[in-house]
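# Descriptive analysis of the structure
Given next are the chains, with one letter for each unit.
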Amino acid sequence: MGADHTPKIVGTVWGLLVLNTLGSAGAKTIIPLPRSLIQMVTMGALVAAFALALAVNLRLRIRASSFVFLLTLLLVESVISSANLESGFGALFRCFRLALFVGTLWLLSRWWNGGLTFVRYHIRMYFAVLGSVATGLVVSPGAALPDLYGGRLVGALWPLTPPQIGQYAAVIIGLTVLLVLGRRTDRASAVVVIVPSFVLLALTHTRTATLGLFIGLALAIGSLILTSAAARRFFTWAVLCAVVAAVGFASALQAWFLRGQSKENFSNLTGRAKVWDALLAAPRSTSEQLFGVGLGDKSFGGLPIDNSWLAVYNEQGLIGVTLVAAVIIVLGGVALLRPPSLQRACAIFLISYCAIASYTEAGLGDASPYLLHLALAASLLAAPAPAVAAPLSTPEVPRRHIPRWAQRSEVT
């Protein structure tokens with residue numbers, strides 16, 4: 001089944017998954033939106049995504065996927081850890097959300113065939129999200145660049161934080177660059193996506209997203225160097241521009257990177273290290289070490305954890321950490337074993353970006369954009385579906401020649 005045979009409703013389902021993972025917490029919007037309303041919209045999007053995926057795949061045809069299988073095991077572990085209600089009834093609700101998310105991925109796996117269809121879905125939806133951010137910036141610059149976030153860009157129409165916007169911008173920039181190198185899109189369309197997305201990324205001052213973009217692209221393009229002349233040219237020019245920028249704009253780049261913080265504040269990762277140390281020093285029972293305390297809001301002591309591995313350890317224990325590590329290792333291993341191709345390069349970019357971002361962002365253990373990025377990588381690494389063999393035609397039985405005298409005898 002080729003990418004051209006993917007029903008259009010599948011793109012709608014993917015867009016609804018993106019909407020669900022936008023979250024409900026963030027900056028103050030121009031028009032105040034109650035958090036309950038936002039949660040109803042995001043959860044409703046997930047329910048609609050599952051229903052549409054089920055409607056388009058009523059026969060429940062799925063493809064074997066180690067990625068979704070590992071997510072299913074993580075879901076089972078999350079239910080076990082949340083069953084004691086140590087994190088309240090909200091943990092069970094989050095398990096239900098994760099179950100719908102994983103179930104929808106199972107239903108969509110039927111169309112995972114190593115094509116670029118889902119890459120285009122991904123770019124279009126996140127570019128639409130960034131369009132809302134840009135609109136909010138034009139309508140109300142003060143609300144989009146509030147002092148509360150140190151003048152960093154936030155979502156003024158939908159509550160999005162600077163790290164979220166930076167993540168979305170970095171991902172679609174990287175994917176679009178790779179599509180251009182693979183000659184799967186024209187340069188004019190690519191400029192329309194890359195230039196405004198890069199401006200929004202710069203306004204967010206998000207260091208993690210920026211490093212993830214450059215390192216992920218370097219690894220992805222490096223996988224194409226031996227087979228693509230365009231990749232070699234782009235890599236050469238990128239290195240040259242990076243050297244010139246580092247020499248000519250060193251002070252400006254340093255000021256952007258530090259965001260006005262002191263070296264002490266920068267060294268402890270804007271206070272994250274203190275939360276991490278407190279989480280690791282907290283006493284835990286054997287059950288809590290193995291299974292965690294159940295799905296929560298990725299915080300500890302009222303402060304965000306901002307590290308996927310520690311958040312998973314806190315909520316899903318060492319077993320959860322092992323499963324999440326297996327997801328990254330399996331996807332990375334499959335990508336390395338695949339022959340060089342554009343699909344493989346896109347997958348390498350997504351996997352490396354999520355691995356880098358996991359150090360300062362949470363989300364690998366629950367329904368989140370990071371799991372959606374990895375699901376896209378899994379779809380790119382899936383082997384093409386085997387062609388359905390045409391049914392063998394029944395050979396015609398040759399007519400037996402009947403002599404004329406025999407035909408006359410039959411008539412008589």
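Let me begin by describing the structure that accompanies this report. The shown structure was predicted, so the numbers you read here are calculated from the model rather than taken from an experiment. (Residues numbered from 1 in each chain as written. Predicted model: local features only at pLDDT ≥ 70, side-chain atom pairs only at ≥ 80, totals over all residues. Heavy atoms only, no water.)

## Some details on the pattern of salt bridges
It is possible for side chains bearing opposite charge to pair when their charged atoms get close. Inspection of the entire model under this criterion finds three salt bridges. Between aspartate 306 and arginine 272 there is a salt bridge, with its nearest N and O atoms 3.5 Å apart. Taken together, the residues aspartate 306 in the loop between β2 (303-304) and α15 (308-337) and arginine 272 in helix α13 (residues 272-281) connect sequence positions 34 residues apart. Given the relative accessible area of 18%, arginine 272 is considered buried. Between lysine 298 and aspartate 366 there is a salt bridge, with the nearest N and O atoms lying 3.2 Å from each other. Of the two residues, lysine 298 sits in the loop between α14 (286-291) and β1 (299-300) while aspartate 366 sits in the loop between α16 (342-357) and α17 (369-381), which places them 68 residues apart along the sequence. The same class applies to lysine 298 as to aspartate 366, namely buried. (Salt bridge = Lys/Arg side-chain N within 4 Å of Asp/Glu carboxyl O. Helix = DSSP H or I, 4+ residues; strand = E, 2+ residues; numbered from the N terminus. Buried < 20%, exposed > 50% of the residue type's maximum accessible area, 1.4 Å probe, protein only.)

## Observations concerning unusual backbone geometry
Positioned with a positive phi, histidine 205 is a non-glycine residue whose angle comes to about 55°. Note on placement: histidine 205 falls in the loop between α8 (187-204) and α9 (207-222). Not every positive phi belongs to a glycine, and lysine 298 is a case in point at roughly 60°.

## Focus on the packing of aromatic side chains
The way to describe two aromatic rings as a pair is by their centre distance and the angle between their planes. On inspection of all chains with the given rule, the structure shows five aromatic pairs. The interplanar angle of 25° and the centroid separation of 4.8 Å between the aromatic rings of tyrosine 126 and tyrosine 168 together place this pair among those described as stacked. Taken together, the residues span a long stretch of sequence, with tyrosine 126 in helix α5 (residues 117-139) and tyrosine 168 in helix α7 (residues 162-181) at a distance of 42 residues. Both residues of the pair, tyrosine 126 and tyrosine 168, belong to the buried class. (Phe/Tyr/Trp six-rings, centres within 6.5 Å; stacked < 30°, edge-to-face > 60°.)

## What about a nonpolar patch on the surface?
Taken together, the side chains of Ile30, Ile31, Leu33, Leu37, Met40, Val41, Val138, Val139 and Leu157 make up a nonpolar region of the molecular surface, amounting to roughly 800 Å² of accessible area. Of all the elements, helix α2 (residues 35-56) adds the most residues to the nonpolar patch, at three residues. Its place among the elements puts leucine 157 in the loop between α6 (141-144) and α7. (Patch = residues over 30% accessible without salt bridge, like charges linked within 9 Å, V, L, I, M, F, W, Y side chains within 5 Å. Areas by Shrake-Rupley, 256 points an atom, 1.4 Å probe, with all protein chains shown as cover.)

## Some thoughts on the packing of α7 against α8
Contact geometry of α7 with α8 gives a least axis separation of 9 Å together with a crossing angle of 155°. Relative to α8, α7 is oriented roughly antiparallel. The hand of the α7/α8 crossing is left-handed. Contacts between α7 and α8 involve Pro162, Ile165, Gly166, Ala169, Ile172, Ile173, Thr176, Val177 and Val180 from the former and Arg187, Ala190, Val193, Ile194, Ser197, Phe198, Leu201 and Thr204 from the latter. Taken together, the residues of the contact of α7 with α8 sort by class into twelve nonpolar, four polar and one charged. (Axes fitted to C-alpha atoms, helices over the stretch in contact; angles between N-to-C directions. Parallel < 35°, antiparallel > 145°, perpendicular 65-115°, else oblique. Left-handed = near helix turned anticlockwise from the far one by under 90°. Contact = heavy atoms within 4.5 Å. Nonpolar A, V, L, I, M, F, W, Y, C, P; charged D, E, K, R; others polar.)

## Observations regarding α8
In a regular helix each residue adds 1.5 Å, so 18 residues correspond to 26 Å; α8 covers 25 Å between its end C-alpha atoms and thus fits that length. All of the buried residues in α8 are Ala190, Val193, Ser197, Leu200, Leu201 and Thr204. The arc enclosing the buried residues of α8, seen along the axis, measures out at 125°, which places them on a common side. Turned more than 90 degrees off the buried face of α8, the exposed positions are Arg187, Ala188 and Val192. (Expected span 1.5 Å × (residues − 1). Arc of directions from axis to C-beta.)

## Quick word on the environment of valine 327
You can see valine 327 is positioned in helix α15. Residue class for valine 327 comes out buried when judged on its relative accessible area of 6%. Each C-alpha atom of the pair valine 327 and phenylalanine 69 lies 9.5 Å from the other, and the pair is 258 residues apart in sequence. Those residues in contact with valine 327 that lie beyond four places of it in its chain are Phe67, Leu70 and Leu374.

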